[in-house]
Number of protein chains: 2
Amino acid sequence: MEDRTISRAVISRLPRYYRYLGELLNAGVERISSSELSKRMNVTASQIRQDLNNFGGFGQQGYGYNVQYLYSEIGKILGLNKQHNVIIIGAGNLGQAIANYEAFEKSGFVLKGMFDINPNLKGKKVRGVPICMMDELKQFVKTHDIEIAALTIPKTNAKEVANILVQNGIKGIWNFAHIDLQLPEDIVVENVHISDSLMKLFYRLSSQEKTI
Amino acid sequence: MEDRTISRAVISRLPRYYRYLGELLNAGVERISSSELSKRMNVTASQIRQDLNNFGGFGQQGYGYNVQYLYSEIGKILGLNKQHNVIIIGAGNLGQAIANYEAFEKSGFVLKGMFDINPNLKGKKVRGVPICMMDELKQFVKTHDIEIAALTIPKTNAKEVANILVQNGIKGIWNFAHIDLQLPEDIVVENVHISDSLMKLFYRLSSQEKTI
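Computed from a predicted structure; not experimentally measured. (Residues numbered from 1 in each chain as written. Chains lettered and ligands numbered in written order. Predicted model: local features only at pLDDT ≥ 70, side-chain atom pairs only at ≥ 80, totals over all residues. Heavy atoms only, no water.)

Chemist: Can you walk me through the interface of chain B and chain A in this structure?
Modeler: Where interface size is quoted, it is often the accessible area lost as the parts come together. Facing the 63 residues of chain B at the interface are 63 residues of chain A. Sorting the residues of chain B by area buried against chain A places B:Arg19, B:Phe202 and B:Tyr203 first, and these three jointly supply 12% of that buried surface. When the shortest N-O distance is used, the salt bridge between A:Glu190 and B:Arg204 registers 3.0 Å. For the interface between chain B and chain A, the tally reads 20 residue pairs in polar contact (both at pLDDT 80 or more). Residue assignment for the side of chain B that touches chain A shows that the elements contributing at least two residues are α1 (8-26), α4 (67-78), α5 (93-99), β8 (172-175), β9 (188-191) and α8 (194-211) of chain B. (Contact = heavy atoms within 4.5 Å. Buried area = accessible area lost by both parts, 1.4 Å probe. Salt bridge = Lys/Arg side-chain N within 4 Å of Asp/Glu carboxyl O. Polar contact = N/O pair within 3.5 Å; in protein donor to acceptor, adjacent residues only side chain to side chain. Helix = DSSP H or I, 4+ residues; strand = E, 2+ residues; numbered from the N terminus.)

Chemist: What exactly am I supposed to notice about the environment of B:Ser35 here?
Modeler: Residues and elements named next belong to chain B. Within the secondary structure layout, Ser 35 lies in helix α2 (residues 34-41). Note on Ser 35: relative accessible area 43%, which makes it partly exposed. Remark: the alpha-carbon pair of Ser 35 and Gly 64, spanning 29 residues in sequence, is separated by 9.0 Å. (Buried < 20%, exposed > 50% of the residue type's maximum accessible area, 1.4 Å probe, protein only.)

Chemist: Even after reading the chapter, I still don't get the packing of aromatic side chains, so can you show me in this structure?
Modeler: Describing an aromatic ring pair means giving the distance of the ring centres and the angle of the ring planes. Considering all chains together, one arrives at 14 aromatic pairs over all chains under this definition. Here the aromatic rings of A:Phe104 and A:Trp174 are separated by 5.7 Å at their centres, their planes lie at 65°, and the arrangement is edge-to-face. Of the two residues, A:Phe104 sits in the loop between α5 (93-99) and β4 (109-116) while A:Trp174 sits in strand β8 (residues 172-175), which places them 70 residues apart along the sequence. Accessibility assignment for this pair places A:Phe104 and A:Trp174 in one class, buried. Between B:Tyr18 and B:Tyr71, the aromatic rings sit 4.3 Å apart at their centres with planes inclined by 10°, giving stacked as the arrangement. On the criterion of sequence distance, the pair formed by B:Tyr18 in helix α1 and B:Tyr71 in helix α4 is long-range, its members being 53 residues apart. B:Tyr18 sits in the buried class, given a relative accessible area of 10%. Connected via pairs of aromatic rings, a cluster forms that spans A:Tyr101, A:Phe104, A:Phe109, A:Trp174 and A:Phe176. (Phe/Tyr/Trp six-rings, centres within 6.5 Å; stacked < 30°, edge-to-face > 60°.)

Chemist: I keep staring at the sheet that holds strand β9 (residues 188-191) of chain A and nothing clicks. Help me out?
Modeler: Adjacent strands of a sheet form backbone hydrogen bonds with each other and so pair up, either parallel or antiparallel. Residues and elements named next belong to chain A. Strand order in the open sheet formed by 7 strands is β5-β6-β4-β3-β7-β8-β9, and the pairing between neighbours is mixed. Taken across any chain shown, the strands that pair with only one partner, and hence form the sheet edges, are β5 (125-126) and β9. The pairing of strand β3 (residues 84-89) with β4 spans 6 bridges and is classified as parallel. Of the residues in β4, the one forming a bridge with Val 86 is Leu 111. Lying on the sheet, helix α7 (residues 158-167) is in contact with β3, β7 (148-151) and β8; it crosses β7 at an angle near 170°. (Pairing = 2+ DSSP bridges. Axes fitted to C-alpha atoms, helices over the stretch in contact; angles between N-to-C directions.)

Purely spatial values, then, with no claim about function.
Put into C-alpha coordinates, the structure is as follows:
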(Lines give C-alpha, C1' and ligand atoms only; values in the text may rest on other atoms or scores of the structure.)
Protein backbone atom coordinates (compact mmCIF):
# COMPACT_ATOMS: atom_id res chain seq x y z
CA MET A 1 0.00 0.00 0.00
CA GLU A 2 2.87 2.42 0.76
CA ASP A 3 4.27 1.70 -2.70
CA ARG A 4 1.32 3.06 -4.59
CA THR A 5 1.47 6.54 -5.96
CA ILE A 6 -1.47 8.53 -4.74
CA SER A 7 -2.52 11.46 -6.88
CA ARG A 8 -2.09 14.96 -5.53
CA ALA A 9 -5.81 15.54 -6.02
CA VAL A 10 -6.65 12.75 -3.59
CA ILE A 11 -4.06 13.93 -1.10
CA SER A 12 -5.38 17.45 -1.26
CA ARG A 13 -8.80 16.11 -0.22
CA LEU A 14 -7.54 14.06 2.75
CA PRO A 15 -7.23 16.96 5.22
CA ARG A 16 -10.86 17.81 4.53
CA TYR A 17 -11.95 14.21 5.22
CA TYR A 18 -9.91 14.32 8.37
CA ARG A 19 -11.54 17.56 9.47
CA TYR A 20 -15.07 16.23 8.88
CA LEU A 21 -14.36 12.93 10.58
CA GLY A 22 -12.95 14.80 13.58
CA GLU A 23 -16.18 16.78 13.82
CA LEU A 24 -18.25 13.58 13.60
CA LEU A 25 -16.15 12.05 16.39
CA ASN A 26 -16.68 15.13 18.54
CA ALA A 27 -20.40 14.81 17.92
CA GLY A 28 -20.30 11.18 19.12
CA VAL A 29 -20.97 9.60 15.70
CA GLU A 30 -19.51 6.07 15.55
CA ARG A 31 -20.24 5.03 11.97
CA ILE A 32 -21.25 6.77 8.80
CA SER A 33 -22.22 5.58 5.32
CA SER A 34 -20.48 7.01 2.28
CA SER A 35 -23.80 8.54 1.18
CA GLU A 36 -24.25 10.34 4.51
CA LEU A 37 -20.63 11.56 4.48
CA SER A 38 -21.18 12.61 0.89
CA LYS A 39 -24.17 14.76 1.85
CA ARG A 40 -22.27 16.50 4.62
CA MET A 41 -19.16 17.09 2.57
CA ASN A 42 -20.93 18.02 -0.63
CA VAL A 43 -18.97 15.57 -2.78
CA THR A 44 -20.37 12.47 -4.51
CA ALA A 45 -20.50 9.17 -2.62
CA SER A 46 -18.59 7.50 -5.43
CA GLN A 47 -15.80 10.06 -5.10
CA ILE A 48 -15.56 9.26 -1.39
CA ARG A 49 -15.44 5.52 -2.06
CA GLN A 50 -12.82 5.98 -4.76
CA ASP A 51 -10.67 8.25 -2.63
CA LEU A 52 -10.74 5.97 0.39
CA ASN A 53 -10.08 2.91 -1.78
CA ASN A 54 -6.64 4.36 -2.44
CA PHE A 55 -5.83 3.45 1.13
CA GLY A 56 -7.44 0.05 1.19
CA GLY A 57 -11.04 1.07 1.68
CA PHE A 58 -11.88 0.89 5.40
CA GLY A 59 -15.58 0.54 4.63
CA GLN A 60 -17.77 -2.52 4.93
CA GLN A 61 -20.72 -2.99 2.58
CA GLY A 62 -23.99 -2.18 4.35
CA TYR A 63 -22.25 -1.14 7.52
CA GLY A 64 -20.52 2.08 6.58
CA TYR A 65 -17.28 3.49 7.85
CA ASN A 66 -16.06 3.24 11.41
CA VAL A 67 -15.46 6.92 12.13
CA GLN A 68 -12.77 6.48 14.79
CA TYR A 69 -10.86 3.95 12.72
CA LEU A 70 -11.05 5.99 9.51
CA TYR A 71 -10.06 9.17 11.37
CA SER A 72 -7.00 7.60 12.89
CA GLU A 73 -5.97 5.80 9.66
CA ILE A 74 -6.18 9.02 7.63
CA GLY A 75 -4.26 10.72 10.43
CA LYS A 76 -1.51 8.12 10.07
CA ILE A 77 -1.45 8.50 6.28
CA LEU A 78 -1.08 12.25 6.68
CA GLY A 79 1.76 11.70 9.14
CA LEU A 80 -0.11 13.38 12.02
CA ASN A 81 0.84 10.62 14.47
CA LYS A 82 4.47 11.74 14.32
CA GLN A 83 6.03 14.75 15.97
CA HIS A 84 7.05 17.56 13.61
CA ASN A 85 9.38 20.16 15.15
CA VAL A 86 8.65 23.60 13.76
CA ILE A 87 10.09 27.10 13.95
CA ILE A 88 8.33 30.25 12.83
CA ILE A 89 10.38 32.86 10.97
CA GLY A 90 8.76 36.25 11.55
CA ALA A 91 7.21 37.01 14.94
CA GLY A 92 4.69 39.58 13.69
CA ASN A 93 0.92 39.23 13.87
CA LEU A 94 0.73 36.33 11.43
CA GLY A 95 3.58 34.44 13.10
CA GLN A 96 1.95 34.95 16.47
CA ALA A 97 -1.45 33.88 15.13
CA ILE A 98 0.09 30.57 14.03
CA ALA A 99 1.96 30.19 17.33
CA ASN A 100 -1.36 30.61 19.13
CA TYR A 101 -3.29 27.93 17.22
CA GLU A 102 -3.44 25.29 19.93
CA ALA A 103 -5.36 22.93 17.63
CA PHE A 104 -2.26 22.36 15.48
CA GLU A 105 -0.70 20.41 18.33
CA LYS A 106 -3.19 17.58 17.85
CA SER A 107 -1.61 17.08 14.41
CA GLY A 108 1.89 16.58 15.81
CA PHE A 109 2.90 20.21 15.26
CA VAL A 110 5.42 21.12 17.96
CA LEU A 111 6.52 24.74 17.95
CA LYS A 112 10.07 24.96 19.26
CA GLY A 113 11.04 28.55 18.53
CA MET A 114 10.27 31.81 16.75
CA PHE A 115 12.78 34.00 14.94
CA ASP A 116 12.80 37.66 14.02
CA ILE A 117 15.22 40.42 13.08
CA ASN A 118 13.67 42.99 15.43
CA PRO A 119 16.04 43.20 18.44
CA ASN A 120 13.20 44.49 20.64
CA LEU A 121 11.56 41.07 20.42
CA LYS A 122 14.66 39.15 21.57
CA GLY A 123 13.93 36.92 24.55
CA LYS A 124 10.17 37.59 24.55
CA LYS A 125 7.93 34.56 24.57
CA VAL A 126 4.72 33.55 22.80
CA ARG A 127 2.88 30.78 24.67
CA GLY A 128 6.14 29.90 26.38
CA VAL A 129 8.08 29.72 23.10
CA PRO A 130 11.09 32.08 22.91
CA ILE A 131 11.68 34.61 20.14
CA CYS A 132 15.29 34.30 18.95
CA MET A 133 17.44 36.34 16.58
CA MET A 134 18.43 35.05 13.15
CA ASP A 135 22.10 34.57 14.12
CA GLU A 136 20.98 31.86 16.56
CA LEU A 137 19.23 29.89 13.81
CA LYS A 138 21.99 27.49 12.79
CA GLN A 139 22.65 26.19 16.29
CA PHE A 140 18.94 26.12 17.17
CA VAL A 141 17.95 23.99 14.18
CA LYS A 142 20.61 21.41 15.07
CA THR A 143 19.94 21.33 18.81
CA HIS A 144 16.17 21.02 18.46
CA ASP A 145 16.06 18.76 15.43
CA ILE A 146 13.87 21.20 13.47
CA GLU A 147 12.18 19.78 10.36
CA ILE A 148 9.86 22.61 9.29
CA ALA A 149 9.97 26.40 9.14
CA ALA A 150 6.87 28.54 8.75
CA LEU A 151 7.81 31.65 6.79
CA THR A 152 5.66 34.58 7.93
CA ILE A 153 7.77 37.47 6.71
CA PRO A 154 7.25 40.00 3.90
CA LYS A 155 8.19 38.81 0.42
CA THR A 156 11.18 41.18 0.19
CA ASN A 157 13.51 38.88 2.15
CA ALA A 158 11.66 35.60 1.73
CA LYS A 159 13.90 34.05 -0.94
CA GLU A 160 17.11 34.89 0.91
CA VAL A 161 15.75 33.58 4.23
CA ALA A 162 14.43 30.40 2.58
CA ASN A 163 17.90 29.68 1.22
CA ILE A 164 19.43 30.16 4.68
CA LEU A 165 16.84 27.75 6.13
CA VAL A 166 17.64 25.09 3.55
CA GLN A 167 21.39 25.50 4.09
CA ASN A 168 20.76 24.83 7.77
CA GLY A 169 18.94 21.57 7.18
CA ILE A 170 15.23 22.55 7.10
CA LYS A 171 13.28 19.97 5.07
CA GLY A 172 9.89 21.64 4.72
CA ILE A 173 8.82 25.26 4.33
CA TRP A 174 5.30 26.45 5.10
CA ASN A 175 5.39 29.61 3.04
CA PHE A 176 3.08 32.53 3.81
CA ALA A 177 5.19 35.10 1.96
CA HIS A 178 3.56 36.36 -1.26
CA ILE A 179 6.17 34.86 -3.51
CA ASP A 180 7.00 31.46 -5.02
CA LEU A 181 10.26 30.08 -3.70
CA GLN A 182 12.81 28.36 -5.94
CA LEU A 183 14.40 25.65 -3.84
CA PRO A 184 16.09 22.26 -4.37
CA GLU A 185 13.66 19.50 -5.36
CA ASP A 186 13.96 17.56 -2.11
CA ILE A 187 12.65 20.54 -0.10
CA VAL A 188 8.91 20.40 0.40
CA VAL A 189 7.23 23.79 0.06
CA GLU A 190 3.57 24.29 0.90
CA ASN A 191 2.29 27.75 0.02
CA VAL A 192 -0.49 29.69 1.70
CA HIS A 193 -0.90 32.56 -0.74
CA ILE A 194 -3.45 34.65 1.11
CA SER A 195 -3.45 37.40 -1.51
CA ASP A 196 -4.18 34.91 -4.33
CA SER A 197 -7.23 33.78 -2.38
CA LEU A 198 -8.40 37.39 -1.94
CA MET A 199 -8.13 37.97 -5.69
CA LYS A 200 -10.18 34.86 -6.41
CA LEU A 201 -12.84 36.18 -4.04
CA PHE A 202 -12.85 39.53 -5.85
CA TYR A 203 -13.08 37.79 -9.22
CA ARG A 204 -15.97 35.59 -8.19
CA LEU A 205 -17.85 38.56 -6.74
CA SER A 206 -17.26 40.65 -9.85
CA SER A 207 -18.26 37.92 -12.29
CA GLN A 208 -21.39 37.21 -10.25
CA GLU A 209 -22.47 40.85 -10.47
CA LYS A 210 -22.22 40.61 -14.26
CA THR A 211 -24.53 37.61 -14.43
CA ILE A 212 -27.25 38.91 -12.08
CA MET B 1 -15.62 37.92 -23.97
CA GLU B 2 -17.58 38.53 -20.75
CA ASP B 3 -20.07 35.91 -21.88
CA ARG B 4 -17.61 33.04 -21.98
CA THR B 5 -17.42 30.69 -19.09
CA ILE B 6 -13.88 30.51 -17.83
CA SER B 7 -12.91 27.37 -16.00
CA ARG B 8 -12.13 27.56 -12.31
CA ALA B 9 -8.70 26.07 -13.03
CA VAL B 10 -7.80 29.03 -15.25
CA ILE B 11 -9.19 31.51 -12.75
CA SER B 12 -7.22 29.94 -9.95
CA ARG B 13 -4.04 30.56 -11.94
CA LEU B 14 -4.77 34.23 -12.71
CA PRO B 15 -3.66 35.63 -9.32
CA ARG B 16 -0.31 33.93 -9.83
CA TYR B 17 0.11 35.47 -13.30
CA TYR B 18 -0.82 38.80 -11.78
CA ARG B 19 1.76 38.40 -9.01
CA TYR B 20 4.56 37.49 -11.45
CA LEU B 21 3.69 40.29 -13.85
CA GLY B 22 3.70 42.75 -10.94
CA GLU B 23 7.20 41.61 -10.03
CA LEU B 24 8.34 41.98 -13.65
CA LEU B 25 6.91 45.50 -13.73
CA ASN B 26 8.73 46.38 -10.50
CA ALA B 27 11.92 45.08 -12.08
CA GLY B 28 11.40 47.39 -15.08
CA VAL B 29 10.64 44.62 -17.61
CA GLU B 30 8.47 45.95 -20.45
CA ARG B 31 7.82 42.83 -22.50
CA ILE B 32 8.17 39.13 -22.04
CA SER B 33 7.76 36.09 -24.29
CA SER B 34 5.55 33.23 -23.22
CA SER B 35 8.64 30.99 -23.10
CA GLU B 36 10.46 33.35 -20.74
CA LEU B 37 7.36 33.74 -18.54
CA SER B 38 7.01 29.96 -18.65
CA LYS B 39 10.55 29.48 -17.33
CA ARG B 40 10.00 31.89 -14.47
CA MET B 41 6.61 30.49 -13.48
CA ASN B 42 7.53 26.86 -13.98
CA VAL B 43 4.51 26.11 -16.19
CA THR B 44 4.59 25.24 -19.89
CA ALA B 45 4.56 28.01 -22.47
CA SER B 46 1.56 26.39 -24.15
CA GLN B 47 -0.36 26.48 -20.85
CA ILE B 48 0.36 30.20 -20.59
CA ARG B 49 -0.77 30.84 -24.16
CA GLN B 50 -3.93 28.79 -23.63
CA ASP B 51 -4.77 30.49 -20.35
CA LEU B 52 -4.31 33.98 -21.71
CA ASN B 53 -6.23 33.14 -24.88
CA ASN B 54 -9.32 32.84 -22.67
CA PHE B 55 -9.19 36.58 -22.38
CA GLY B 56 -8.44 37.39 -25.99
CA GLY B 57 -4.70 36.71 -25.97
CA PHE B 58 -2.84 40.00 -25.48
CA GLY B 59 0.27 38.59 -27.11
CA GLN B 60 1.74 39.35 -30.52
CA GLN B 61 3.65 36.71 -32.42
CA GLY B 62 7.39 37.32 -32.20
CA TYR B 63 6.98 40.30 -29.91
CA GLY B 64 5.78 38.75 -26.68
CA TYR B 65 3.49 40.20 -24.08
CA ASN B 66 3.38 43.82 -23.06
CA VAL B 67 3.84 43.42 -19.30
CA GLN B 68 2.06 46.60 -18.22
CA TYR B 69 -0.92 45.95 -20.49
CA LEU B 70 -1.25 42.29 -19.50
CA TYR B 71 -0.90 43.20 -15.81
CA SER B 72 -3.63 45.80 -15.94
CA GLU B 73 -5.95 43.64 -18.09
CA ILE B 74 -5.67 40.68 -15.71
CA GLY B 75 -6.23 43.12 -12.86
CA LYS B 76 -9.47 44.25 -14.51
CA ILE B 77 -10.58 40.66 -15.10
CA LEU B 78 -9.97 39.88 -11.43
CA GLY B 79 -11.97 42.97 -10.46
CA LEU B 80 -9.01 44.64 -8.77
CA ASN B 81 -9.74 47.99 -10.39
CA LYS B 82 -12.90 48.30 -8.30
CA GLN B 83 -13.19 49.20 -4.63
CA HIS B 84 -14.21 46.34 -2.34
CA ASN B 85 -15.32 47.42 1.14
CA VAL B 86 -14.29 44.86 3.74
CA ILE B 87 -14.79 44.24 7.44
CA ILE B 88 -12.78 41.78 9.51
CA ILE B 89 -14.66 39.68 12.07
CA GLY B 90 -12.22 38.74 14.83
CA ALA B 91 -9.59 41.27 15.92
CA GLY B 92 -7.06 38.71 17.19
CA ASN B 93 -3.59 38.16 15.75
CA LEU B 94 -4.81 36.82 12.43
CA GLY B 95 -7.38 39.61 11.98
CA GLN B 96 -4.72 42.18 12.80
CA ALA B 97 -2.23 40.53 10.44
CA ILE B 98 -4.71 40.95 7.59
CA ALA B 99 -5.53 44.50 8.64
CA ASN B 100 -1.83 45.30 8.47
CA TYR B 101 -1.22 43.98 4.93
CA GLU B 102 -0.84 47.28 3.14
CA ALA B 103 -0.29 45.53 -0.18
CA PHE B 104 -3.95 44.43 -0.30
CA GLU B 105 -4.96 48.04 -0.89
CA LYS B 106 -3.45 47.95 -4.37
CA SER B 107 -6.05 45.30 -5.20
CA GLY B 108 -8.99 47.52 -4.26
CA PHE B 109 -9.28 46.06 -0.74
CA VAL B 110 -10.59 48.81 1.53
CA LEU B 111 -10.79 47.87 5.20
CA LYS B 112 -13.63 49.79 6.81
CA GLY B 113 -13.94 48.19 10.22
CA MET B 114 -13.04 45.31 12.53
CA PHE B 115 -15.43 43.49 14.85
CA ASP B 116 -14.90 41.46 17.98
CA ILE B 117 -16.81 40.25 21.03
CA ASN B 118 -14.07 41.21 23.50
CA PRO B 119 -15.30 44.45 25.17
CA ASN B 120 -11.71 45.40 26.05
CA LEU B 121 -11.03 45.95 22.34
CA LYS B 122 -13.98 48.32 21.81
CA GLY B 123 -12.91 51.64 20.33
CA LYS B 124 -9.28 50.58 19.76
CA LYS B 125 -7.87 51.09 16.30
CA VAL B 126 -5.66 49.07 13.96
CA ARG B 127 -4.01 51.27 11.30
CA GLY B 128 -6.72 53.85 11.96
CA VAL B 129 -9.56 51.34 11.54
CA PRO B 130 -11.88 51.08 14.57
CA ILE B 131 -12.68 47.82 16.38
CA CYS B 132 -16.46 47.63 16.89
CA MET B 133 -18.71 45.27 18.83
CA MET B 134 -20.97 42.77 17.07
CA ASP B 135 -24.18 44.64 18.00
CA GLU B 136 -22.99 47.52 15.81
CA LEU B 137 -22.64 45.23 12.76
CA LYS B 138 -26.05 45.70 11.14
CA GLN B 139 -25.89 49.48 11.03
CA PHE B 140 -22.21 49.48 10.05
CA VAL B 141 -22.67 47.20 7.02
CA LYS B 142 -25.46 49.46 5.71
CA THR B 143 -23.71 52.76 6.37
CA HIS B 144 -20.40 51.72 4.85
CA ASP B 145 -21.72 49.63 1.97
CA ILE B 146 -19.75 46.55 3.05
CA GLU B 147 -19.45 43.78 0.46
CA ILE B 148 -17.00 41.34 2.07
CA ALA B 149 -16.29 39.99 5.56
CA ALA B 150 -13.05 38.24 6.48
CA LEU B 151 -13.82 35.64 9.12
CA THR B 152 -10.83 35.27 11.44
CA ILE B 153 -12.52 33.67 14.44
CA PRO B 154 -12.31 30.14 15.90
CA LYS B 155 -14.51 27.54 14.21
CA THR B 156 -16.82 27.23 17.23
CA ASN B 157 -18.90 30.29 16.31
CA ALA B 158 -18.04 30.57 12.65
CA LYS B 159 -21.28 29.12 11.22
CA GLU B 160 -23.50 31.27 13.44
CA VAL B 161 -21.52 34.43 12.68
CA ALA B 162 -21.50 33.66 8.93
CA ASN B 163 -25.31 33.43 8.99
CA ILE B 164 -25.56 36.78 10.76
CA LEU B 165 -23.26 38.31 8.14
CA VAL B 166 -25.38 37.00 5.28
CA GLN B 167 -28.60 38.20 6.94
CA ASN B 168 -27.04 41.64 7.06
CA GLY B 169 -26.26 41.77 3.36
CA ILE B 170 -22.66 40.56 3.10
CA LYS B 171 -22.04 39.08 -0.38
CA GLY B 172 -18.63 37.46 0.05
CA ILE B 173 -16.94 35.71 2.94
CA TRP B 174 -13.19 35.25 3.16
CA ASN B 175 -13.18 32.33 5.55
CA PHE B 176 -10.16 31.58 7.73
CA ALA B 177 -12.11 29.50 10.28
CA HIS B 178 -11.29 25.78 10.11
CA ILE B 179 -14.72 24.78 8.97
CA ASP B 180 -16.71 24.67 5.74
CA LEU B 181 -19.64 27.08 5.78
CA GLN B 182 -23.05 26.15 4.41
CA LEU B 183 -24.51 29.32 2.95
CA PRO B 184 -26.98 30.30 0.22
CA GLU B 185 -25.65 29.75 -3.31
CA ASP B 186 -25.38 33.43 -4.19
CA ILE B 187 -22.91 34.02 -1.36
CA VAL B 188 -19.30 33.70 -2.49
CA VAL B 189 -17.10 31.90 0.03
CA GLU B 190 -13.35 31.70 -0.41
CA ASN B 191 -11.65 29.48 2.15
CA VAL B 192 -8.13 29.76 3.51
CA HIS B 193 -7.86 26.49 5.40
CA ILE B 194 -4.46 26.95 7.00
CA SER B 195 -4.65 23.63 8.87
CA ASP B 196 -5.36 21.69 5.66
CA SER B 197 -2.23 23.17 4.18
CA LEU B 198 -0.21 22.14 7.25
CA MET B 199 -1.47 18.56 6.92
CA LYS B 200 -0.46 18.45 3.26
CA LEU B 201 3.00 19.61 4.27
CA PHE B 202 3.21 16.84 6.90
CA TYR B 203 2.00 14.27 4.37
CA ARG B 204 4.50 15.29 1.74
CA LEU B 205 7.36 15.23 4.25
CA SER B 206 6.31 11.80 5.58
CA SER B 207 5.90 10.25 2.14
CA GLN B 208 9.26 11.65 1.06
CA GLU B 209 10.99 10.01 4.03
CA LYS B 210 9.56 6.68 2.92
CA THR B 211 10.96 6.98 -0.58
CA ILE B 212 14.48 8.10 0.39
